[in-house]
Amino acid sequence: MPILLRIAAGYLIFTAVIVAVHPIVNQWYAHLLREEVSYVPWDIQNMIMAAAIVLALAATYHEKRRVDRDNSANFRRYIEANSVFYGSAALAIVFFWNWSGTLSPARTESADFWVVIYTLLPLLLAAVALRLWHKARTPETPPQGVAGWAATRPPLPGSRQ
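Residues numbered from 1 in each chain as written. Predicted model: local features only at pLDDT ≥ 70, side-chain atom pairs only at ≥ 80, totals over all residues. Heavy atoms only, no water.

## Details of the pattern of salt bridges
Basically, it comes down to this: The rule for a salt bridge is simple: a side-chain nitrogen of Lys or Arg has to be within 4 Å of a carboxyl oxygen of Asp or Glu. In DSSP terms, a helix is any run of H or I states spanning at least four residues, a strand is any run of E spanning at least two, and both are numbered starting from the N terminus. Partly exposed residues are those whose accessible area sits between 20% and 50% of the maximum for their type, while under 20% is buried and over 50% is exposed, using a 1.4 Å probe and protein chains only.
Counted under the stated rule, the structure contains 7 salt bridges. Glu63 is the salt-bridge partner of Lys135, the closest N and O atoms lying 3.9 Å from each other. Note that Lys135 is positioned in helix 4 (residues 111–135) and Glu63 in helix 2 (residues 40–69), a separation of 72 residues in sequence. For Lys135, a relative accessible area of 38% puts it in the partly exposed group. On the accessibility criterion, Glu63 (12% relative accessible area) is buried. In this structure, Arg77 and Glu80 form a salt bridge, with 3.0 Å as the shortest nitrogen-oxygen distance.

Written out as structure tokens, the structure is:
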């Protein structure tokens, strides 16, 4: 199971980077594409984003359910789990509504919503990916960071531990 969580986290980070970088890089190559293929990179990116949003929704819903079942969970964990889940749900609604506009023959999507999506989605996906990556840590994997170092370091000479 930890390997699947790490793969999912990697996919979410990959998507977050693509969504953050592509609108900027697009300005450099968009003039080189013919009009009939100018939407192809964006269509591919939209499919990648759709899969990542569904994955993020599933992960945040699972975490929300876990916190809701845990009566001993503190208020901070409750707020974190619910805000990330409902934030992902709101962003999913905006994304799928706007993406359906690109799929229609008239291409009725709103550029204003794409700006919101391209701004918030990388942040949301990165946050969910980090949670999944840390959740995948197995008991054999030593903790990382300062707290992990303090937990795994040998006691200092003369200390009472």
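Structure shown, so let's carry the discussion forward.
## Remarks on a nonpolar patch on the surface
What counts is decided by this rule: Residues enter patches when their relative accessible area tops 30% and they take part in no salt bridge; the joining distance is 9 Å for like charges and 5 Å for the nonpolar side chains Val, Leu, Ile, Met, Phe, Trp and Tyr. All accessible-area figures derive from a Shrake-Rupley calculation using a 1.4 Å probe, and residue coverage is judged against the displayed protein chains alone.
Taken together, the side chains of Met1, Ile3, Leu4 and Ile7 make up a nonpolar region of the molecular surface, amounting to roughly 480 Å² of accessible area. Assignment of secondary structure puts Met1 in the segment before helix 1 (2–29).

## What about the packing of helix 2 against helix 4?
Just so we agree on the cut-off: For helices, the axis comes from a line fit to the C-alpha atoms of the stretch in contact; other axes are also lines fit to C-alpha atoms, and the angle between any two N-to-C directions lies between 0 and 180 degrees. Under this scheme an angle from 65 to 115 degrees is roughly perpendicular, one under 35 degrees roughly parallel, and one over 145 degrees roughly antiparallel; angles in between are oblique. Working rule for handedness: look at the near helix, and if it is turned counterclockwise from the far one by less than a right angle, call the crossing left-handed; if clockwise, right-handed. Any pair of residues with heavy atoms lying within 4.5 Å of one another is described as a contacting pair. Each residue is assigned to one class: nonpolar for Ala, Val, Leu, Ile, Met, Phe, Trp, Tyr, Cys and Pro, charged for Asp, Glu, Lys and Arg, and polar for all the others, Gly among them.
For the pair helix 2 and helix 4, the least separation of the axes is 10 Å and the interaxial angle reads 50 degrees. Between helix 2 and helix 4, the angle falls in the class oblique. At the point where helix 2 passes helix 4, the crossing takes the left-handed sense. Of the residues in helix 4, those in contact with Trp42, Gln45, Asn46, Met49, Ala52, Ile53, Ala56, Ala59, Thr60, His62 and Glu63 of helix 2 are Trp114, Ile117, Tyr118, Leu121, Leu125, Val128, Leu132 and Lys135. Tallied by class, the residues present in the contact of helix 2 with helix 4 amount to 13 nonpolar, 4 polar and 2 charged.

## So, the layout of surface pockets
Which entries qualify depends on this criterion: Cavity means a closed set of points on a 1 Å grid over the protein atoms alone, one where a 1.4 Å probe fits but cannot get out, pocket means an open set with protein on both sides within 12 Å along at least 5 of 7 lines, and lining means a residue has an atom within 4 Å of a point. Grid points are joined across faces, edges and corners, and a volume is the space filled by probe spheres set on the points.
The calculated volume of the largest pocket comes to roughly 300 Å³. In terms of lining, the largest pocket is formed by 19 residues, of which the most central are Ala59, His62, Glu63, Leu132 and Lys135. No other element matches the 7 residues that helix 2 contributes to the lining of the largest pocket. In terms of residue class, the lining of the largest pocket is built from 11 nonpolar, 2 polar and 6 charged.

## What to know about the packing of aromatic side chains
Our working rule: Two aromatic rings from Phe, Tyr or Trp, using only the six-membered ring of Trp, form a pair when their centres are within 6.5 Å; if the ring planes differ by under 30 degrees the pair is stacked, by over 60 it is edge-to-face, and anything between is tilted.
What the rule picks out here adds up to 9 aromatic pairs. Consider the rings of Phe96 and Trp99, whose centres lie 6.1 Å apart with planes at 50 degrees: the pair is tilted. Of this pair, Phe96 and Trp99 both sit in helix 3 (residues 75–103), 3 residues apart, which is roughly one turn of the helix. For Phe96, a relative accessible area of 32% puts it in the partly exposed group.

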